[in-house]
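Chain by chain, the residues run as shown.
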Amino acid sequence: MPLVMLEPTLIYLVVFTIGLVLERSGVTWSQTTMVNRRNYDSSVNVTAVIEQLLTGYDNRLRPNFGGPHLPVDMEVEIASFDTISEVNMDYTLTLYLTQYWVDTRLRYDYFFEAPGDFMTLPGDFAERIWVPDTFFANDKNSFLHEVTEENKRVRLYGNGSIEYGMRFTTTLACMMDLHNYPLDTQNCTVEIESYGYTMSDVEIFWKKERDSVKGVYNVQLPQFDIMNFDTQVTVESLSTGLNYFFSQNLSPN
């Protein structure tokens, strides 16, 4: 059967790189100030306000659909390095991923001001709104923590800014060069990208560049030292067709 070739599409690929040394001894959103601030009115029916915001809301469409691309900012905090396997060429992390974007369809400061300027909503609220289709390109297996509740939250600000956080454990591929084993240094990556959106729809950024990755030097490993880490942004051109996949790295402008 002939292959069907499609036109290349550009997708932002966000990567932070962690360098490990092996010793064996014996990781554009803004919280704007609301105009005409009002004190929180406890008589406001917040449930009714939320339902009104969601009336006619289509979570299949990204914010500003048909307009300029949507900036999505990222932050990563590493909770623990769980395992590193030279045999399987992978490593396992538990981390917090927080994504930031603005959806003016959910702006509520016209109605009232929430205590602390935001509302914290449970993770299942994310099923009712548009969220980025973020995935880990080098992921082998992942799971979201669910004790005592599903470890997701949505923080909604009055101007429509959204802070979407989750805690999960992921096993990521890391192609290791073991020629100098056991005195080798390995570079392992966490590769984050949008699964389906092109750059004309969604662009992913590090919220504070290198400072967007936290907790790297707080974790401890019995046989490894973390020497350094860095954040990178890479543009990829992807061509897809029937039983065909091609990837080529391009330098961003």
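Since this is a predicted model, take the numbers as computed values, not measurements. (Residues numbered from 1 in each chain as written. Predicted model: local features only at pLDDT ≥ 70, side-chain atom pairs only at ≥ 80, totals over all residues. Heavy atoms only, no water.)

(A) Just the overall build of the protein, in detail. Secondary structure assignment for the protein yields one helix and 13 strands. Taking all 253 residues of the protein together, 45% fall into the buried category. (Helix = DSSP H or I, 4+ residues; strand = E, 2+ residues; numbered from the N terminus. Buried < 20%, exposed > 50% of the residue type's maximum accessible area, 1.4 Å probe, protein only.)

(B) Inspection of the state of the cysteines at higher detail. Counted according to the given criterion, the structure contains one disulfide. Each sulfur of the disulfide joining Cys 174 and Cys 188 lies 2.0 Å from the other. Because the sign of the S-S torsion sets the handedness, a value of about -80° for the bond joining Cys 174 and Cys 188 places this disulfide among the left-handed ones. Remark: Cys 188 occurs in strand β9 (residues 185-194) and Cys 174 occurs in the loop between β8 (161-173) and β9; sequence separation between them is 14 residues. Classification of Cys 174 as buried rests on a relative accessible area of 2%. (Disulfide = S-S within 2.5 Å.)

(C) Representation of a negative patch on the surface in the model. A surface patch of like charges, here negative, comprises Asp 124, Glu 127, Glu 146, Glu 149 and Glu 150. Along the chain, Glu 127 turns up in the loop between β4 (118-122) and β5 (134-136). Residue class for Glu 127 comes out exposed when judged on its relative accessible area of 57%. (Patch = residues over 30% accessible without salt bridge, like charges linked within 9 Å, V, L, I, M, F, W, Y side chains within 5 Å. Areas by Shrake-Rupley, 256 points an atom, 1.4 Å probe, with all protein chains shown as cover. Salt bridge = Lys/Arg side-chain N within 4 Å of Asp/Glu carboxyl O. Lys, Arg positive; Asp, Glu negative; His and termini not counted. Charge placed at Lys NZ, Arg CZ, Asp CG, Glu CD.)

(D) Geometry of the nonpolar core. Grouped together as the largest cluster of nonpolar side chains are 50 residues, with contacts concentrated most on Tyr 91 and Leu 97. Among the elements that take part in this core, strand β2 (residues 70-85) stands out by supplying seven residues, more than any other. Every residue in contact with Leu 97, bar those within four places of it in the chain, is listed here: Met 74, Glu 75, Val 76, Phe 136, Tyr 164, Gly 165, Met 166, Phe 168 and Ile 192. (Core = buried A, V, L, I, M, F, W, Y, C linked by side-chain atoms within 4.5 Å. Contact = heavy atoms within 4.5 Å.)

(E) Region of interest: the pairing of strand β10 (residues 202-206). Of all the five residues making up β10, four are buried; the element is thus mostly covered by neighbouring parts of the structure. For β2 and β10, the ladder comprises five bridges, and the chain directions are parallel. Bridged to Leu 70 within β10 is Val 202. (Pairing = 2+ DSSP bridges.)

(F) Layout of the pattern of salt bridges. Evaluation of the coordinates by the stated rule reveals eight salt bridges. Between Asp 90 and Lys 140 there is a salt bridge, with the nearest N and O atoms lying 3.2 Å from each other. Taken together, the residues span a long stretch of sequence, with Asp 90 in strand β3 (residues 90-102) and Lys 140 in strand β6 (residues 139-144) at a distance of 50 residues. You can call Lys 140 partly exposed: its relative accessible area is 44%. For Glu 163, the salt bridge identified is with Arg 155, shortest N-O distance 4.0 Å. Judged by relative accessible area, which is 8%, Glu 163 ranks as buried. On the accessibility criterion, Arg 155 (23% relative accessible area) is partly exposed.

(G) Spotlight on the packing of aromatic side chains. Per the counting criterion, the structure on display carries eight aromatic pairs. Between Trp 101 and Trp 130 the ring centres are 5.8 Å apart and the planes differ by 85°, which places this aromatic pair in the edge-to-face class. Within this pair, whereas Trp 101 is found in strand β3, its partner Trp 130 is found in the loop between β4 and β5, the two being separated by 29 residues in sequence. For the pair Trp 101 and Trp 130, one class covers both residues: buried. Taken together, a centroid distance of 5.9 Å and an interplanar angle of 65° make the contact between Trp 130 and Tyr 197 edge-to-face. Here Trp 130, found in the loop between β4 and β5, pairs with Tyr 197, found in the loop between β9 and β10; they are 67 residues apart in sequence, far enough to count as distant. Grouping residues by exposure puts Trp 130 and Tyr 197 together as buried. (Phe/Tyr/Trp six-rings, centres within 6.5 Å; stacked < 30°, edge-to-face > 60°.)

(H) Summary view of the side chain of Ser 85. Structurally, Ser 85 can be placed in strand β2. Polar contacts involving the side chain of Ser 85 include one to the main-chain amide nitrogen of Val 87, which spans 3.4 Å. (Polar contact = N/O pair within 3.5 Å; in protein donor to acceptor, adjacent residues only side chain to side chain.)

(I) Looking closely at the side chain of Thr 170. With respect to the helices and strands, Thr 170 occurs in strand β8. At 2.9 Å, the side chain of Thr 170 forms a polar contact with the side chain of Asp 139. Sequence-distant contacts of Thr 170, that is, excluding residues within four places in its chain, are made with Tyr 91, Thr 92, Leu 93, Leu 95, Asp 139, Asn 141 and Ser 142.

(J) Here's a closer look at unusual backbone geometry. In this structure, Thr 148 follows Val 147 across a cis peptide bond, with omega equal to -5°. For Met 89, which is not a glycine, the phi torsion comes out positive at approximately 55°. The topology assignment puts Met 89 in the loop between β2 and β3.

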